[in-house]
Amino acid sequence: MDGEGSVVEDENPFKSPEKKRRFTSFQSSWKSSFDWIAESRRGPQHVTCKICGCDFTISHGGRHDIQRHASSEKHRQNSKHVLYVRSTQGHDEQNSCATKVTAAETAFVSMIAEHNLSFTCGEHILKFIKKHCADPEVVKKISCGGTKAACIARDVMGPKYQNDVVAMCRKLPFCVYLDKNMDWGEEKLLVILVGFFDVDLEKNVIRFLDMPRCVSETSQAVFDCLMETMRKFNVPAGNLVAFSSENDALMTGSEDSVLSRLKSLSPGIVNLGGVCHLAEICSNVGVEALSAPLAELVSDIHSYFSSSAHKQHRLKTLGVLVDLELLKTIKCAPVRWLHLSKVIKHVSDLWPALLPYFINCESRASKVELISERLQNQELRLVFLYLQFALQPLCQFHSKLQNRDSRLVTLHEDVNRIIQLYAGRLLKPEAAAKFITERDLSLLDDADGLLQNEAMHLGSEVGEYLRVHAGSLTDTDTVKNIYKKAALFCTAVLKKMLQNSAEHYSLLKNAGVFLNPDSKLKLSGKLALHLASQVGMCLTGEEEYQLLDEFSVYQLSDTIDVKTESNPHVNDTNACVVKYWGTVLKQMCGSEGELPIFKKLMLVLLCLPHSHAEPQRAFSIVQKVKAEVRHCLTLKALIGLLSIKMNEDRECFEVQYPTEILEAAKKATSVYNKEHKSLK
């Protein structure tokens, strides 16, 4: 104690000073490891647990305090509950979305059914919606009612597509396809299609040009209507190089027809109608040569069963099903036997069941007696069996021509193969070889050159029938007659095939060779000139030399391997050739005016019509668009719809229209309204 009485503490100089405690604060980086924590309102030394809904201190252990809370029983139990709730909510949300999707799909199918749309159309609509209706603002503002849609189709899109086709016809050689006049109320309309080789698409395309009113169905009226359309669109008549239509006197007759009038203006116009309908024509003349009541028997069977459901039910109890819809096709006039090969086979298959049915039929009406008599005729039965075999090559040839791709390269070989096949079935080998070489029809009437009956092949069905019924056929002329009828069939087919293909035999042969890339170095300039004259290209002396020079440039250019460069999966000869020439002609467009005459020659060859299948599909589209639901449309609106549908190869949801078309579409309704007001 000092003098003032205060206490003096004993200070130890070796004692360490007391440490100040530090408190841990919340760190945002912890959220990446513990997504259930958040900053607490109680301060930085606390955190909030979003699962437990409580705050706890972290001032002492920091991260360790969080881990200790996570391992607590309370937190574990609460975590399980939260996971269950979340899974339930997610499942409910999924169920809710799935229910909405199903409801939308059901309503969509209902719309398709209500408006008689195809399922393919529905698929396209969905793709369109996903592409163009992803933006809610666009969906809210779309307004395309009947008037606006008609205005855009009639006044904007239709003319756009029509003008595109006209532009192609002005610069490319093309073929005209005509169908018989179509009814439009009390008026007649002429459907005009054009076909040309599209270098960009690398294929021959058929487009809708126009459908003008035609005053009558005479050849002069149709011709005048066609010429007026070409003048209206300012299409050069010289670009019309080929003509195709139904094979009748009005369109393709040698005199007073549309074709004869076109040839009077341009003698070089090509018409391969005889080849287009070759299989169909030959099958008809072959069946006619048999002089058998084929159509009558099929028609009578159809009439008998279609008149009574009881008769059909009785036949079903015997385990036999008659396809009445198939048999009904026999009533079409004229009968086209090539398309009735299924009918022939169906009746042949039903024959064993139909024979006892009509023999034991309670009704003995004259029609029943006639059917029964014909079914018991073994010769007629053999004719049906033979036709299944005899028509098969023509059906296969016809199917090839139905293909959308050009078959001009192998068409000559295909025709020759058919001729060789039927000649081999009819003639002895020496006579057949001479006939194929000389193409002399008189050889078909020389009995010495015909095969003997036992050497003729009538098909496995006939052979089996003759073997099984050999005993009952021994003392009759049935066997001799069926061989005779087979000879008549082959003779009629061969004569008609040579007659119809003779006019264009040389053109088909030369075109096939010239278009084939494998023959490139074997070709001669003389053949190029000959082909040009065959397709009506009237060249001056200077143009002939130009064609020869251009042909030489092509002949010595690098060969393009379409299979490896363009499409390694292309194996069909005709498809390869079409792609090959598409590539070659693209290269010729490198500079303006390059190889103009040679290029025109190739474009002419590539657009020649040798099949009527694709035009018929196009004409069917015309009839489909002009359906009963469109009866209130104006002719201009109908033409607009046809132009849109038939002149665009891309899917509707893939097309990107240019700005000028979109601008015109914006103004379409306002223009219509102004015109409509001016008429009031």
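Owing to the predicted nature of the structure, the values given are computational and were not obtained by experimental measurement. (Residues numbered from 1 in each chain as written. Predicted model: local features only at pLDDT ≥ 70, side-chain atom pairs only at ≥ 80, totals over all residues. Heavy atoms only, no water.)

Novice: It is not clear to me how the overall build of the protein should be interpreted in this structure. Could you clarify?
Specialist: From N to C terminus, the protein includes 31 helices and 10 strands. Burial statistics for the protein: of 680 residues in total, 44% are counted as buried. Within the protein, residue pairs in contact and separated by at least 24 positions form 66% of the contacts whose partners lie at least 6 positions apart. For the protein, the accessible surface area stands at approximately 38000 Å², while carbon and sulfur atoms represent 52% of it. (Helix = DSSP H or I, 4+ residues; strand = E, 2+ residues; numbered from the N terminus. Buried < 20%, exposed > 50% of the residue type's maximum accessible area, 1.4 Å probe, protein only. Contact = heavy atoms within 4.5 Å. Areas by Shrake-Rupley, 256 points an atom, 1.4 Å probe, with all protein chains shown as cover.)

Novice: Got a minute to help me understand the pattern of salt bridges in this structure?
Specialist: Side chains that differ in sign of charge can pair as their charged atoms come close. Tallying each qualifying case throughout the model produces 22 salt bridges. The partner of Asp 300 in a salt bridge is Lys 367, with the nearest N and O atoms 3.3 Å apart. Here Asp 300 is found in helix α11 (residues 294-306), whereas its partner Lys 367 is found in helix α15 (residues 366-375), with 67 residues between them in sequence. By relative accessible area, Lys 367 is classed as partly exposed at 42%. The network of salt bridges with shared partners includes Arg 154, Asp 155 and Lys 636. (Salt bridge = Lys/Arg side-chain N within 4 Å of Asp/Glu carboxyl O.)

Novice: Honestly, the side chain of Ser 257 in this entry has me stumped. Any pointers?
Specialist: Along the chain, the position of Ser 257 falls in the loop between α7 (249-252) and α8 (258-265). In contact with Ser 257, not counting residues within four places along its chain, are Ser 219, Ala 249, Leu 250, Met 251 and Thr 252.

Novice: I'm lost on a nonpolar patch on the surface in this one. Help?
Specialist: Nonpolar side chains collect at one region of the surface, where Leu 126, Phe 128 and Ile 129 lie side by side and expose about 240 Å² of accessible area between them. Here Leu 126 shows up in helix α3 (residues 119-132). (Patch = residues over 30% accessible without salt bridge, like charges linked within 9 Å, V, L, I, M, F, W, Y side chains within 5 Å.)

Novice: Explain the sheet that holds strand β8 (residues 203-210) here, please?
Specialist: Strands in a sheet are paired, the pairing made by backbone hydrogen bonds, and the direction either parallel or antiparallel. The 4 strands are arranged β8-β7-β4-β10 in an open sheet whose pairing can be described as mixed. Among the strands making up the open sheet, the edge pair consists of β8 and β10 (240-244). The mean angle between the axes of side-by-side strands here comes to 30 degrees, regardless of whether they run parallel or antiparallel. Judged from the 7 bridges that link them, strand β7 (residues 192-198) and β8 form a sheet pairing that is antiparallel. Bridge pairing in β8 links Phe 197 to Asn 204. (Pairing = 2+ DSSP bridges. Axes fitted to C-alpha atoms, helices over the stretch in contact; angles between N-to-C directions.)

Novice: I tried to follow the pairing of β10 on my own but got confused; where do I start?
Specialist: When a strand is regular, its side chains alternate between the sheet's two faces. Judged by how many residues are buried, β10 sits mostly within the fold: 5 of 5 residues are covered. Pairing of strand β4 (residues 174-178) with β10 involves 4 bridges; the strand directions are parallel. Across the sheet, the residue bridging to Phe 174 is Leu 240, located in β10.

Novice: I keep staring at α11 and nothing clicks. Help me out?
Specialist: In an α-helix, one full turn covers 3.6 residues, which means residues spaced three or four apart are oriented alike. Between its first and last C-alpha atoms α11 spans 18 Å; for 13 residues at 1.5 Å apiece the expected length is 18 Å, and the two agree. Across the 13 residues that make up α11, a large majority, 10, are buried. Residues Leu 294, Ala 295, Leu 297, Val 298, Ser 299, Asp 300, Ile 301, His 302, Tyr 304 and Phe 305 constitute the buried set of α11. (Expected span 1.5 Å × (residues − 1).)

Novice: What am I meant to see in the environment of Pro 596 here?
Specialist: Considering the arrangement of structural elements, one finds Pro 596 in helix α28 (residues 596-607). Taking C-alpha positions, Pro 596 is 8.4 Å from Glu 550, a pair spaced 46 residues apart along the chain.

Novice: Honestly, the sheet that holds strand β6 (residues 187-189) in this entry has me stumped. Any pointers?
Specialist: An order of β5-β6-β9 is seen for the 3 strands of this open sheet, with the pairing classed as antiparallel. At either end of the open sheet lies a strand with only one pairing partner, and these are β5 (182-184) and β9 (213-214). Where β5 and β6 come together, 3 bridges link them in antiparallel fashion. Pairing of Met 182 across the sheet is with Leu 189, part of β6.

Novice: Looking at this structure, I do not really get the pairing of β7. What am I missing?
Specialist: Burial analysis of β7 places 7 of its 7 residues in the buried class, which makes it a mostly covered element. By the bridge criterion, 4 bridges tie β4 to β7 in an arrangement that is antiparallel. Residue pairing across strands places Leu 178 opposite Ile 192, the latter belonging to β7.

Novice: What's the story with the packing of helix α18 (residues 408-426) against helix α19 (residues 429-438) in this structure? I'm lost.
Specialist: α19 packs onto α18 with a crossing angle of 150 degrees between their chain directions and a minimal axis gap of 9 Å. One element, α18, and the other, α19, form an angle in the roughly antiparallel class. Considering only the axes of α18 and α19, their crossing is right-handed. Side by side, α18 and α19 meet where Ile 419, Gln 420 and Ala 423 of the first sit next to Ala 432, Phe 435 and Ile 436 of the second. Split by residue class, the contact of α18 with α19 holds 5 nonpolar, 1 polar and no charged. (Parallel < 35°, antiparallel > 145°, perpendicular 65-115°, else oblique. Left-handed = near helix turned anticlockwise from the far one by under 90°. Nonpolar A, V, L, I, M, F, W, Y, C, P; charged D, E, K, R; others polar.)

Novice: Would you explain the packing of aromatic side chains in this entry?
Specialist: One pair of aromatic rings is described through two measures. These are the centre distance and the angle between the planes. Taken as a whole and assessed by the stated rule, the structure comprises 18 aromatic pairs. Considering the side-chain rings of Tyr 580 and Trp 581, the 5.3 Å spacing of their centres and the 85 degrees angle between planes classify their relative orientation as edge-to-face. Like Tyr 580, the residue Trp 581 is buried in the burial classification. Linked through ring pairs, Phe 514, Phe 551, Tyr 554, Tyr 580, Trp 581 and Phe 598 together constitute an aromatic cluster. One Lys or Arg, Arg 425, reaches over the ring of Tyr 422 and ends 5.4 Å from the middle of that ring. (Phe/Tyr/Trp six-rings, centres within 6.5 Å; stacked < 30°, edge-to-face > 60°. Lys NZ or Arg CZ within 6 Å of the ring centre and 35° of its normal.)

Novice: Explain the confidence of the model for the protein to me, please; I cannot follow it from the model alone.
Specialist: Any region with low pLDDT has predicted coordinates that should not be read closely. Here the protein averages 81 in pLDDT, while 84% of its residues score no lower than 70. Of the regions scoring below 50 in pLDDT, residues 1-10 engages in 1 contact with residues more than four places distant in sequence or in other chains. (pLDDT = per-residue confidence, 0-100.)

Novice: What should I look at first to understand the packing of helix α17 (residues 392-402) against α18 in this one?
Specialist: When two helices pack together, their arrangement is given by the angle between the helix axes and the distance between those axes. Packing of α17 against α18 leaves a shortest axis separation of 11 Å and a crossing angle of 175 degrees. The orientation of α17 relative to α18 falls into the category roughly antiparallel. Of the residues in α18, those in contact with Pro 393, Leu 394, Phe 397, Lys 400 and Leu 401 of α17 are Leu 411, Asp 414, Val 415, Arg 417, Ile 418, Leu 421, Tyr 422 and Arg 425. Per-class residue counts for the contact of α17 with α18 are 9 nonpolar, no polar and 4 charged.

Novice: Would you mind showing me how to read unusual backbone geometry here?
Specialist: Excluding glycine, residues mostly have negative phi values, and the peptide bonds linking residues are mostly trans. Although it is not a glycine, Asn 234 adopts a positive phi angle of roughly 60 degrees. Residue placement: Asn 234 occurs in the loop between α6 (219-232) and β10. Even without being a glycine, Asp 256 presents a positive backbone phi close to 50 degrees. Assignment of secondary structure puts Asp 256 in the loop between α7 and α8.

Novice: What is the right way to read the side chain of Glu 550 from this model?
Specialist: Within the element layout of this structure, Glu 550 appears in helix α25 (residues 541-555). The side chain of Glu 550 is buried and forms no salt bridge, while Lys 599, the nearest opposite charge, is found at 11 Å. (Lys, Arg positive; Asp, Glu negative; His and termini not counted.)

Novice: In this structure, what is going on with helix α30 (residues 635-646)? I would like to understand it.
Specialist: Taking 1.5 Å per residue, 12 residues should reach 16 Å; α30 reaches 16 Å between its end C-alpha atoms and fits that length. Along α30, the residues classified as buried are Leu 635, Ala 637, Leu 638, Ile 639, Gly 640, Leu 642, Ser 643 and Met 646.

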